[in-house]
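# Notes for the structure review
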Amino acid sequence: MKHTKFDANSLELADNVVAIKRVTKVVKGGRNMRFAALIVVGDRNGHVGAGVGKAAEIPEAIRKAKEDAIKNMIEVPINENGSIPYGYTGIYGSAHVLLKTAPEGTGIIAGGPARSVLELAGYRNIRTKSLGSNNKQNVVLATLAGLSEIKDPAEIARLRGKSVDEIVK
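As the structure is a prediction and not an experimental result, all values here were calculated from the model.

Conventions used here
- Residues numbered from 1 in each chain as written.
- Predicted model: local features only at pLDDT ≥ 70, side-chain atom pairs only at ≥ 80, totals over all residues.
- Heavy atoms only, no water.
- Helix = DSSP H or I, 4+ residues; strand = E, 2+ residues; numbered from the N terminus.
- Buried < 20%, exposed > 50% of the residue type's maximum accessible area, 1.4 Å probe, protein only.
- Contact = heavy atoms within 4.5 Å.
- Areas by Shrake-Rupley, 256 points an atom, 1.4 Å probe, with all protein chains shown as cover.
- Lys, Arg positive; Asp, Glu negative; His and termini not counted.
- Charge placed at Lys NZ, Arg CZ, Asp CG, Glu CD.
- Core = buried A, V, L, I, M, F, W, Y, C linked by side-chain atoms within 4.5 Å.
- Salt bridge = Lys/Arg side-chain N within 4 Å of Asp/Glu carboxyl O.
- Pairing = 2+ DSSP bridges.
- Axes fitted to C-alpha atoms, helices over the stretch in contact; angles between N-to-C directions.
- Patch = residues over 30% accessible without salt bridge, like charges linked within 9 Å, V, L, I, M, F, W, Y side chains within 5 Å.

## Here's the deal with the overall build of the protein chain
Regarding its fold elements, the protein chain presents five helices and eight strands. Starting at the N terminus, the α and β elements of the protein chain follow one another as β-β-β-α-β-β-β-β-α-β-α-α-α. Taking the principal axes of the C-alpha coordinates as reference, the protein chain spans close to 70 × 35 × 30 Å. Taken over 169 residues, the protein chain has a buried fraction of 38%. When contacts within the protein chain are restricted to residue pairs at least 6 apart in sequence, long-range pairs at least 24 apart make up 57% of them. Looking at the protein chain as shown, the accessible area adds up to about 9,500 Å², and 49% of this sits on carbon and sulfur atoms. Taken together, the 25 basic and 17 acidic charged side chains of the protein chain have centroids lying 11 Å from each other.

Here's what the structure looks like:
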């Protein structure tokens, strides 16, 4: 994934708590309860990131996860339909997320974890299918991996030394 340094103060970031897990560690004196939070942040304009935070209290875990998500933000391409330029499959671990372009009026067709990433990235029309693992963290990271690999048609045309019209047709 290509990570770009963003100034969190300059972007209007929205966040979404995808999952909060209670993690228990059994020790000699009993059980230690801690919490792990998975958060997605985005500006609904082509910038999105995900982060995980762990702490003894839920608010502290959420704060840490949000800081981690801001550090791991990526820029994603959005075409004039509010979709991706072409279909792609994002892979992270055993989670595979199939991302397909969609015409105007389709909306976001996606499962819970992938939906939160796509909404906060700013997509309006996209179809997805989650394959393999249904672990929320891996599905979110697979969606981000797929979106980060998609190149803008202008960038592909520049790399091939052709015009955008030759690439798109």
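## Some thoughts on the nonpolar core
Counting 28 residues, the largest nonpolar core has Val40, Val48, Tyr123, Val140, Leu144 and Leu147 as the members making the most contacts within it. Ranked by the residues each element gives to this core, the list is headed by helix H3 (residues 136–149), at six residues. Those residues in contact with Leu147, other than ones at most four positions away along the chain, are Val76, Pro77, Ile84, Leu99, Val117, Leu118 and Tyr123. Leu11, Val41, Ala61 and Met73 belong to the second-largest nonpolar core, a separate cluster that totals 10 residues.

## Examining the pattern of salt bridges
For the coordinates displayed, the defined rule picks out five salt bridges. Measuring nitrogen to oxygen at the nearest pair gives 2.5 Å for the salt bridge that ties Glu67 to Arg63. Of this pair, Glu67 and Arg63 both sit in helix H1 (residues 58–71), four residues apart, which is roughly one turn of that helix. A relative accessible area of 38% means that Arg63 is categorised as partly exposed. What emerges from the salt-bridge pattern is a single network uniting Glu60, Arg63 and Glu67.

## Re the sheet that holds strand S4 (residues 74–75)
Here four strands make up an open sheet; going across it, the order is S1-S2-S3-S4 and the pairing antiparallel. If you trace the sheet from one side to the other, it starts and ends with strand S1 (14–27) and S4, each paired once. Where S1 and strand S2 (residues 30–42) come together, 13 bridges link them in antiparallel fashion. By the bridge assignment for S2, Val17 is matched with Ile39. Against the sheet, H3 makes contact with S1, S2, strand S3 (47–55) and S4, and its axis sits at roughly 150 degrees relative to S3, the strand it touches most.

## Describing unusual backbone geometry
Positive phi, normally seen in glycine, also occurs at Arg44, with a value near 60 degrees. If you trace the backbone, Arg44 turns up in the loop between S2 and S3.

## Side note on a positive patch on the surface
On the surface, a cluster of positive charge is made up of Lys21, Lys25, Arg34, Lys54 and Lys64. When you line up the elements, Lys64 lands in helix H1. Lys64 gets classed as partly exposed once you look at its relative accessible area, which sits at 33%.

## So, the pairing of strand S5 (residues 88–92)
As paired strands, S5 and strand S6 (residues 95–101) are joined by five bridges and run antiparallel to one another. Paired with Gly90 across the strands is Val97, a residue of S6. Adjacent in sequence and paired antiparallel, S5 and S6 are bridged by two residues, among which Gly93 carries a positive phi angle near 60 degrees.

## Re the environment of Lys21
Among the structural elements, Lys21 can be located in strand S1. The sequence separation of Lys21 and Arg34 amounts to 13 residues, and the corresponding C-alpha distance is 8.4 Å. Once you skip the residues sitting within four places of it in the chain, Lys21 turns out to touch Arg34, Phe35 and Ala36.

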